[in-house]
Amino acid sequence: MLATFAPSTQDKQVQDSLQAQKAQTAQQMQDLMHDSVPMLDLTVSHDDLFNGAAVVMKQLFSEWNADDISYVQFKDGITNKCTQVLVRAYGKKSEVIIDRKQEIMNMIILSKLGLCPPLFGKFRNGLAYGCIPGNVFKVPDMRDPHKMDLVARKVAIWHSTVDIPGERTSKLFKTIHKWIKEVPESFSKPAVQDIFAKNFDMAKLHQELATLESHLVALNSPVVFCHNDLLYGNLIYNESKDDAFFIDYEYGSYSYRAFDIANHFNEWAGFECEYENYPNREVQLTWLRSYLEVFNARSTPPSPSSERSEDSVTEVELEQIYREVNKFALASHFYWGVWALVQAQLSDIDFDYMPYAVLRFNEYYRRRDEFFEL
């Protein structure tokens, strides 16, 4: 005989309260986006970007003289020297990968904090926003001691400052589980399918994900608002301010702080995945000490009896975050590896997604046992 258990009145009240809070938060987010960002009822064609951008500019900035506006197409994020407005049309089918409402909310809040440029408007398939003056990092810049320090401190400011409406739980593994369901059983391009068949067993990949999630969740790495995509092309150095800034906020969400840092360290390898450039222990500890100096000073409420100074990083917490970060480096490989498997079918961008997925998972398995044992 099977017994069934109905939730108690108290449990139901708690569940109803949580649902009501979620609905209220969702409505608040919707209202904030509606009130903060003009919505243009138009679509910019990928085949006619300049004319589409001109229509966007005319509607948003009617007082500007159209003859004084010039247009340049940025395809690869290799520069960011524009001084006014960037009009960006979303990639085709990118909504499968990216939560566009979350991206807009990120930009609204980050802009209020001075951590990203203003969002001028949105249209059906894109955004118009300001630019951060400066020079995009190159891979060697990520290892430059001074710029490395600037980035570490700016990451700490993000992690200790940004407060985005919504749930404060990590989206990391929810996102990976969502993406892995989008990996097709077979790929439409024969060459892509051939690489996939030779390198991937999806049943084993699902099993590996469960093991990884169990191991990393148990670390209890603090959940903070993360950029989640701190590759060199999303880092800007402003020489006049001697400061680093971050661009492209579409993957930003609450996640484990160790993931955001580990993902950045993995990106020292560049798109070519030259993992000999992954920072060694000494370099990581230098970076992490700078990060913790700022994070601790901003996160710990000052009190008469206990006040932290910027040099109060203990060896215990430094070792702890070092351990967490290197373990989460595995999650970074898994995250972008699965991302690349999905993009290999969906994206029309000229990039070798499937070989990239192979490189990321190869590095995952190469370092798996070493990092698990830390």
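Use the structure listed above.
The residue numbering used here restarts from 1 in each chain and proceeds along that chain's sequence as written. Confidence filtering applies because this is a predicted model: local features only for residues at pLDDT of at least 70, side-chain atom pairs given and counted only at 80 or more, and all residues used for totals across whole chains, interfaces and linings. Water and hydrogen atoms play no part in the side-chain values, which are based on all heavy atoms of the structure.

A. Structural context of the packing of helix H4 (residues 145-161) against helix H8 (residues 257-266). With axes taken as lines fitted to C-alpha atoms, and helix axes fitted only over the stretch in contact, angles between N-to-C directions fall between 0 and 180 degrees. Segments assigned H or I by DSSP are reported as helices when at least four residues long, segments assigned E as strands when at least two residues long, and all are numbered from the N terminus. Contact pair H4 / H8: the axes reach a minimum separation of 11 Å and the direction vectors enclose 155°. With respect to H8, the axis of H4 lies roughly antiparallel. Of the two possible hands of crossing, H4 and H8 adopt the one that is right-handed. On H8, the residues that touch Val151, Val155 and His159 of H4 are Arg257, Asp260, Ile261 and His264. Here the contact of H4 with H8 is built from residues that sort into three nonpolar, two polar and two charged. We call two directions roughly parallel when the angle between them is under 35 degrees, roughly antiparallel when it is over 145, roughly perpendicular when it lies between 65 and 115, and oblique otherwise. By definition, turning the near helix anticlockwise from the far helix through less than a right angle yields a left-handed crossing, and turning it clockwise yields a right-handed one. Contact between two residues is taken to exist if any of their heavy atoms lie within 4.5 Å; hydrogens are not considered. Gly is placed with the polar residues, together with every amino acid not listed as nonpolar (Ala, Val, Leu, Ile, Met, Phe, Trp, Tyr, Cys and Pro) or charged (Asp, Glu, Lys and Arg).

B. Highlighting the sheet that holds strand S8 (residues 243-246). Across the sheet, which stays open at both edges, the three strands sit in the order S5-S7-S8 with antiparallel pairing between neighbours. This sheet does not close on itself; its edge strands, each paired only once, are strand S5 (135-136) and S8. Examined bridge by bridge, strand S7 (residues 235-238) and S8 share four bridges and lie antiparallel to one another. Bridge assignment links Leu235 to a residue of S8, and that residue is Phe246. Any two strands with at least two DSSP bridges between them are considered paired.

C. Geometry of the pairing of S7. Whether a residue is buried, partly exposed or exposed follows from its accessible area with a 1.4 Å probe, protein chains only, as a fraction of its type maximum: under 20%, in between, or over 50%, in that order. Side chains Leu235 and Tyr237 project from S7 onto one buried face, and the interleaved Ile236 and Asn238 project onto a second face that is buried too. Sheet topology note: the S5/S7 ladder contains two bridges and is antiparallel. By the bridge assignment, Val136 is partnered in S7 with Ile236. Following S7, the chain reverses through four residues before pairing antiparallel with S8; Asp242 in that reversal takes a positive phi of roughly 45°.

Keep in mind that these numbers describe shape and distance, not what the molecule does.
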